[in-house]
Amino acid sequence: MLTFISSLRQAWRLCIISILLSLLPSTFAFADSGRERLSLDRGWLFHPGDISMPEIVGHSASYGNAKAGNARGAAATKYNDSDWRKVDLPHDWAVEGPFDPRANISQGYRPRGIAWYRRYLRVDESERGRYFELQFDGIATHASIWVNGNIVHRNWSGYNASNIDITPYLRYGDVSNTIAIRVDAEQMEGWWYEGAGIYRHAWLLKSDPVHIMTDGVHATPKQINDRQWQIPVAVTLDNSGKQAANVKVEVTVFSPDDKVVASKIQSVSVPVLGQAIAKLPVAINQPQRWTLDKPALYRVKTVVLQDGKTVDEVSLKTGFRSIRFDARQGFFLNDQHVKLQGVCLHQDHAGVGVAVPDAIWEYRLRRLKELGVNAIRFSHNAPAPEVLDMADRMGFLVMDENRNFNPSPDYMKQLQWMVRRDRHHPGVILWSVFNEEPVQGTEVGYEMARRMTAAVKALDDTRPVTAAMNGGFFTALNVSHAVDVLGANYQVPDYDRYHKANPDKPFTSAEDTSAFMTRGEFTTDKSRNIVASYDDDFAKWGNSHRDAWQAIDSRLYVAGGFVWTGFDYRGEPTPHEWPSVSSVFGIMDMNGFPKTAYYMHQVQWIKDRPLIHIAPHWNWQGQEGKEIRVMVMANVERIKLLLNGRELGEQKVDPYRMNTFQVAYEPGKLEALGYQEGKEVAHTSVETTGKATALQLLPDRASLAGDGRDAMPITVRALDAQGRAVPIDNSEVSFAVSGAGQSIGHGNGDPNSHEDEKGKTRKLFNGLAQLIVQSHFDSSGELLVTATAPGLTAASVRIPVQKTAGIPAVAVSYAPTLYLQNWRLSPTFATRPDPAQTLADNDMNTWSWGQAPMLEVDARGSDSKENHFHLFRSNFTLDKTLGSGKARLLFSRINGKAEVWLNGKLLGTKTSVNTGDFSVDLPAVEGPAQVTVLVEGEPGKQAGLEGNIIAEPKK
Ligand code: GAL
């Protein structure tokens, strides 16, 4: 028994390790190379709502406002953020708030608005001279980013990364650096829920001055002939150093089992503050192919060597596969015909909005794989990088889609960013430049698309470009003429007409279906915004699940389909409006719980094993004797239906329409049997259950990694006395989560629910709810979840949380409360000056300017022994906290004797001439404060203020 338990433990450990490994990004670095990519997800401060910039009045304020480093308000280095909420990323504030019928239906009736984030960052003195880059993988929607009061980036899309060189603005040692971000989520880029905030991961990249640029390794394999492949590797290097650098770039390609299969080395000179590209084409003989079942991934390691030492190293994963869109026969992967069994996906999940943990994405993709999906269209934007890595590893084909249709420079950069970031992924088979643009059928659309296609081709000529067109492709000049593959959204009646007129143009559905189903409901009730799950209802412009797939599957020239959508999402509750807040288009609901459509597609898409399903459930108490419509979905030859052991009929399987029976309801067991060549090969049943008596919790995985990132869904169900799940139970469940983790949200798939997604309770919806738990950072032990509901036996589960080193991360620092950064420095004086002396508001020149730690002031020349008095002056506000009489002003180092004056009053005197810390108590008064520090140094020696100067509540 003991050995069994320990081998179970071992298996869990291996499972955790493999999950952690699987969550590693496909471009990663090794710590000993000089490069470190540290997670910057933890330690943020959050302020909901905008903070307006203080008004600029007077000469000195106007002058100061125009200067570098002098951002005002919450963007400033000094700002009292002590009462801001502590949050970790990914973070979506829109999902936290209540629904509001006055808010935008498209955004799921979630008010969004504007908010601020701030974070402090310390950089060790020993790291001076290195290169530092801030990386935000996605911020919804527009963002302005400041570092130490300098605006360093403005981002115009919620779907692209912001990679920002912050090297020039940094301060080192014990001085804090401040990152401030204003996020404007009043801006919209979509007609679906887009969330609000820093909703993807954030990173701090540190590297040597000579480094590989972000997304700077171009390694996209090309097939030369049947046996020969080449990766024309091009590496873009950058040099933030003070000298030109002659370096060697070495590329090594590793097979999936980590054996070296090719390598090449090349010298290159990188100019000061400039870039250089090293080109290293490597030949690969008969590589293993990346396929949907065995997605073999090769690793391309790029090393930069300077004076024989490794200064940078980046690895990325790629794969060898050929792709071809044939105008007559559809899509070929490695010369084998593959029908695209695709889904379109938005990026939100139950409970968490768009701040979806990587592990929840892994769960979503796993659900799609089980469904038989082989292609994903990330609509209508590029996904998080981790998601594409997973798609490569799990074997999905991807249509990677650009958000904004606009070839002007700012927007073209977004498209180019996507191609640069994603071109190494073997899964990506199509670049889409847009979704449904009103100008698609015009010369304007053509000219715009032509430029964007050219921009894509300049970066990657190995994949076709498409555009998702919902019309306009019959005009004399339109977007279809500027792209390689016609992507049709809906328009099924035009498929053949288009193909006949354009027999040489490859064709795929880019989007289809748009059918409605409410999970677990089998009677349409318009008064309650509920649609039965029989595949009867669909949007005017769309088709039922069965009709759309039949149209696609029965036409060889149509490369495949992309069902709108794989999962329900917030917003677009078509055909309903308030109180409906989320869509009903999904094959699965927002939690990934299957609707009937799931089984319809599963039997159509999975061919290697017999499958059989029945809809609906068999709990129709009160409807005894009434006819119930029963749908059997199977991928075998014949099926038979039995009720309580009585045969109800046998039918030949209809793979497109499914099989339907009218069955007079009687409680008991409804069984379906599947036959192949007369042999029973599949069997399923639904049973009438008793009333719910107990709750059940079903965790998705055996354990969690204790890294603060790992998460998992837990299915919550109600069982009857015989332990059968009750599909119609709607009990309200309360959750208690304790130990090494927390709840981060929950959902139940009810598109009309207005429950708080972060609260302590959630009703089951047609028998199901989902709780999402996440481990605490640096935790181990157990996470304990208890679920209770009135009248039901409670359920609890203990999830082991494994200690893990986690991914390298930036240390968290929340201090200081108020950081006094900008100072005026008087000329030096031979005798003690009056600290109360004033400076005219328009005098920008007689006193100079300084910032910690640059406050050291030489006495005027070593022969001038007299000028050893200095005045330093700064302004701040005594707010409620700082003006409470319980706060202090702390100088981390004053070099020399000092007097500290505030608004003309002496607060304290430092009597020692030696460098040391010094603090004074702040008075109990609110309002503007001017602090003046009179420093007396030793004649001929440096004196002044060094390090942090902070105002903070007394500990
Ligand atoms: C399409 C559009 C999708 C979604 C869908 C709903 O026209 O591309 O984003 O709105 O309709 O049916």
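Preceding this paragraph is the structure being described.
How each quantity is defined
- Residues numbered from 1 in each chain as written.
- Predicted model: local features only at pLDDT ≥ 70, side-chain atom pairs only at ≥ 80, totals over all residues.
- Heavy atoms only, no water.
- Helix = DSSP H or I, 4+ residues; strand = E, 2+ residues; numbered from the N terminus.
- Rg over C-alpha atoms; globule rule 2.2 N^0.38 Å.
- Buried < 20%, exposed > 50% of the residue type's maximum accessible area, 1.4 Å probe, protein only.
- Near = heavy atom within 4 Å.
- Areas by Shrake-Rupley, 256 points an atom, 1.4 Å probe, with all protein chains shown as cover.
- Nonpolar A, V, L, I, M, F, W, Y, C, P; charged D, E, K, R; others polar.
- Pairing = 2+ DSSP bridges.
- Axes fitted to C-alpha atoms, helices over the stretch in contact; angles between N-to-C directions.
- Contact = heavy atoms within 4.5 Å.
- Core = buried A, V, L, I, M, F, W, Y, C linked by side-chain atoms within 4.5 Å.
- Expected span 1.5 Å × (residues − 1).
- Polar contact = N/O pair within 3.5 Å; in protein donor to acceptor, adjacent residues only side chain to side chain.
- Salt bridge = Lys/Arg side-chain N within 4 Å of Asp/Glu carboxyl O.
- Parallel < 35°, antiparallel > 145°, perpendicular 65-115°, else oblique.
- Left-handed = near helix turned anticlockwise from the far one by under 90°.
- Right-handed = clockwise from strand over helix to strand, strands pointing away.
- Phe/Tyr/Trp six-rings, centres within 6.5 Å; stacked < 30°, edge-to-face > 60°.
- Lys NZ or Arg CZ within 6 Å of the ring centre and 35° of its normal.

Chemist: Is there a simple way to explain the overall build of the protein in this structure?
Modeler: Each helix and strand counted, the protein has nine helices and 58 strands in total. Taken over the C-alpha trace, the protein has a radius of gyration of 32 Å; the compact-globule value for 955 residues is 30 Å, and the two agree within 12%. With the principal axes as the frame, the protein shows a C-alpha extent of 110 × 70 × 65 Å. The buried share of the protein, taken over its 955 residues, is 59%.

Chemist: What is the right way to read the site of the ligand from this model?
Modeler: Taken together, the residues surrounding the ligand are W191, H380, N435, E436, N489, Y490, E511, S514, W541, W564, E572 and F585. Expressed as a share of its isolated accessible area of 310 Å², the protein-covered part of the ligand is 92%. Split by residue class, the shell around the ligand holds five nonpolar, four polar and three charged.

Chemist: How should the sheet that holds strand β36 (residues 659-664) be read in this particular structure?
Modeler: Sheet strands pair by backbone hydrogen bonding; their relative direction is either parallel or antiparallel. Reading across the sheet, the three strands line up as β32-β33-β36 and stay open at both edges, with antiparallel pairing between neighbours. Bordering the open sheet on either side are β32 (612-615) and β36, each of which pairs with just one other strand. The average angle at which neighbouring strand axes cross in this sheet is 25°, direction not considered. For β32 and strand β33 (residues 627-634), the ladder comprises four bridges, and the chain directions are antiparallel. Across the sheet, the residue bridging to A615 is M631, located in β33. Helix α9 (residues 596-605) contacts β32 and β33 of the sheet and is inclined by roughly 35° relative to β33.

Chemist: How do you make sense of the sheet that holds strand β30 (residues 507-513) when you look at a structure like this?
Modeler: Strand order around the closed barrel formed by eight strands is β24-β25-β26-β27-β28-β29-β30-β31, with parallel pairing between neighbours. Averaged over all pairs of adjacent strands, the angle between strand axes in this sheet comes to 25°, irrespective of strand direction. Summarising the sheet, strand β29 (residues 485-489) and β30 pair through four bridges and their orientation is parallel. Following the sheet pairing, N489 is matched in β30 by E511.

Chemist: Whenever I open this one, the nonpolar core confuses me. Can you help?
Modeler: Considering soluble globular proteins, one finds that nonpolar side chains tend to be buried as a cluster. Judged by nonpolar contacts, the single largest core of 99 residues is most densely connected at L365, L368, W618, V630 and L641. When residues of this core are assigned to their parent elements, the largest contribution, seven residues, is made by helix α6 (residues 443-459). Discounting chain neighbours no more than four positions away, the residues touching L365 are I376, V387, M390, A391, M394 and F396. Counting 68 residues, the second-largest nonpolar core is a separate cluster that includes L40, F46, W93 and I164.

Chemist: How do you make sense of α6 when you look at a structure like this?
Modeler: Helical geometry: 3.6 residues make up each α-helical turn, so side chains three or four residues apart lie on a common side. For α6, built from 17 residues, the straight-helix expectation of 24 Å at 1.5 Å per residue is met to within 8% by its first-to-last C-alpha distance of 25 Å. Of all the positions in α6, only G445, Y446, M448, A449, M452, T453, A455, V456 and L459 are classed as buried. Next to the buried residues of α6 lie β13 (210-218), α5 (409-422), β27 (428-435) and β28 (465-469). Where α6 begins, one side-chain oxygen reaches toward the backbone nitrogen of V444, 3.3 Å away; that side chain belongs to T442.

Chemist: Mind showing me how you'd approach the pattern of salt bridges here?
Modeler: In a structure, side chains of opposite charge can pair up when their charged atoms sit close to one another. In total, this model carries 53 salt bridges according to the counting rule given. A salt bridge links R130 to E36, with the nearest nitrogen and oxygen atoms 3.3 Å apart. Linking R130 in the loop between β4 (114-121) and β5 (131-136) with E36 in strand β1 (residues 36-39), this pair joins segments that are 94 residues apart in sequence. According to the relative accessible area criterion, E36 is partly exposed, its value standing at 27%. With its nearest N and O atoms 2.8 Å apart, the salt bridge here joins R570 to D348. Taken together, the residues span a long stretch of sequence, with R570 in the loop between β31 (560-564) and α9 and D348 in the loop between β24 (340-345) and α3 (358-371) at a distance of 222 residues. For D348, a relative accessible area of 1% translates into the label buried.

Chemist: Where do I start with unusual backbone geometry in this structure?
Modeler: Of all residues except glycine, most have a negative phi; of all peptide bonds, most are trans. Of the consecutive residues S379 and H380, the connecting peptide bond is found in the cis state with omega at -5°. For H380, the position within the fold is in the loop between β25 (375-378) and α4 (385-394). Look at the link from T574 to P575: it is a cis peptide, with omega at 10°. Mapped onto the elements of the fold, P575 is located in the loop between β31 and α9. At Y109, a position not held by glycine, the phi torsion is positive, near 55°. With respect to the helices and strands, Y109 occurs in the loop between β3 (85-87) and β4. Classification of Y109 as buried rests on a relative accessible area of 5%.

Chemist: Explain the packing of helix α8 (residues 545-553) against α9 here, please?
Modeler: A pair of packed helices is characterised by two quantities: the angle between their axes and the separation of those axes. Their axes nearest at 10 Å, the elements α8 and α9 cross at an angle of 20°. Judged by the angle between their axes, α8 and α9 are roughly parallel. The handedness of the crossing between α8 and α9 comes out as right-handed. Residue-level inspection shows H545, R546 and W549 of α8 in contact with α9, the latter providing A597, M600, H601, Q604 and W605. Of the residues in the contact of α8 with α9, the class split is four nonpolar, three polar and one charged.

Chemist: Sorry, what's going on with α4 here?
Modeler: For α4, the buried fraction is high: eight of the 10 residues fall into the buried class. Listed in full, the buried residues belonging to α4 are E386, V387, L388, D389, M390, A391, D392 and M394. Following α4 by one or two positions, G395 has its phi on the positive side, about 85°.

Chemist: Looking at this structure, how should I read the packing of α3 against α4?
Modeler: Contact geometry of α3 with α4 gives a least axis separation of 10 Å together with a crossing angle of 35°. For the crossing formed where α3 meets α4, the hand is right-handed. Facing D358, W361, E362, L365, R366 and K369 of α3, the residues of α4 in contact are E386, V387, M390, A391 and M394. Along the lines of polarity and charge, the residues of the contact of α3 with α4 split into six nonpolar, no polar and five charged.

Chemist: Hey, could you run me through the pairing of strand β26 (residues 397-401) in this one?
Modeler: For a regular strand, the rule is simple: side chains alternate between the two faces of the sheet. The buried fraction of β26 amounts to five of the five residues, a majority that puts the element mostly inside the structure. Residues of β26 alternate between two faces, with L397, M399 and E401 on one and V398 and D400 on the opposite face, all of them buried. Two elements, β25 and β26, share four bridges in a ladder whose sense is parallel. Note that in β26 the partner of A375 across the bridge is L397. In this region the chain leaves β25, passes through α4 and returns to the parallel neighbour β26; the handedness of that crossover is right-handed. Across four bridges, the pairing between β26 and β27 is parallel.

Chemist: Quick question: what am I supposed to make of the environment of D258 here?
Modeler: Tracing the backbone shows D258 in the loop between β16 (245-254) and β17 (260-270). The exposure class assigned to D258 is partly exposed, which follows from its relative accessible area of 49%. On a C-alpha basis, the gap between D258 and V439 in space is 49 Å, while along the polypeptide they are 181 residues apart.

Chemist: When you look at the packing of aromatic side chains in this model, what are you seeing that I'm missing?
Modeler: Both the distance between ring centres and the angle between the ring planes are used here to describe each pair of aromatic rings. The tally for this structure, following the rule as stated, stands at 27 aromatic pairs. Relative to F585, the ring of Y569 lies with its centre 6.4 Å away and its plane at 15°, an arrangement referred to as stacked. Within this pair, whereas Y569 is found in the loop between β31 and α9, its partner F585 is found in the loop between β31 and α9, the two being separated by 16 residues in sequence. The same class applies to Y569 and to F585, which are both buried. Here the aromatic cluster, defined as three or more aromatic residues joined through ring pairs, consists of F473, F474, Y495, Y498, F507 and Y557. Note that R497 overlies the ring of F474, its terminal NZ or CZ placed 3.7 Å from the centroid.

Limitation: the analysis is restricted to geometry and does not speak to function.
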